[in-house]
Amino acid sequence: DGPSDGIWTSYRRVLGGTVAKAKSVYHDKRGTGGVLSDLGRHGLEDGNKLSSSFFPIVYPSFDKSEAKARDAGTVGRDPRDI
């Protein structure tokens, strides 16, 4: 696994992210120091069900419509939202 130059023998690969359980709700953290964790223009407000292509469903099955939104460029982060 990995390139022939052996880079993967000296460096670890890391997968990072956040997981939300079913029925999770969005909490707006702007102004509390948590702003950098949420630079998306998803339109959710505090207390809304966490249902948006910005927060994709990946388990138990992948939501293809969310992938289409990402591929179309409607999902992204923008530093102007700080």
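Provided above is the structure to which this section pertains.
A few points on the structure. The structure displayed is predicted, hence computed values, not measured ones.

A closer look at unusual backbone geometry
Across the junction of Tyr59 and Pro60, the peptide omega takes the value 5 degrees, indicating a cis bond. Looking at the secondary structure, you find Pro60 in the loop between α1 (7-10) and α2 (64-71). The phi torsion at Lys23 lies on the positive side, around 70 degrees, for a residue other than glycine. Among the structural elements, Lys23 can be located in the loop between α1 and α2. In this structure Lys23 comes out as exposed when scored by relative accessible area, which is 79%.

With respect to the pattern of salt bridges
Going through the model one piece at a time under the given rule, you end up with one salt bridge. The shortest N-O distance in the salt bridge between Asp71 and Arg70 comes to 3.1 Å. Judged by relative accessible area, Asp71 falls into the exposed class, the value being 60%. When its relative accessible area of 46% is taken as the criterion, Arg70 is described as partly exposed.

Cut-off values and rules
Residues numbered from 1 in each chain as written. Predicted model: local features only at pLDDT ≥ 70, side-chain atom pairs only at ≥ 80, totals over all residues. Heavy atoms only, no water. Helix = DSSP H or I, 4+ residues; strand = E, 2+ residues; numbered from the N terminus. Buried < 20%, exposed > 50% of the residue type's maximum accessible area, 1.4 Å probe, protein only. Salt bridge = Lys/Arg side-chain N within 4 Å of Asp/Glu carboxyl O.

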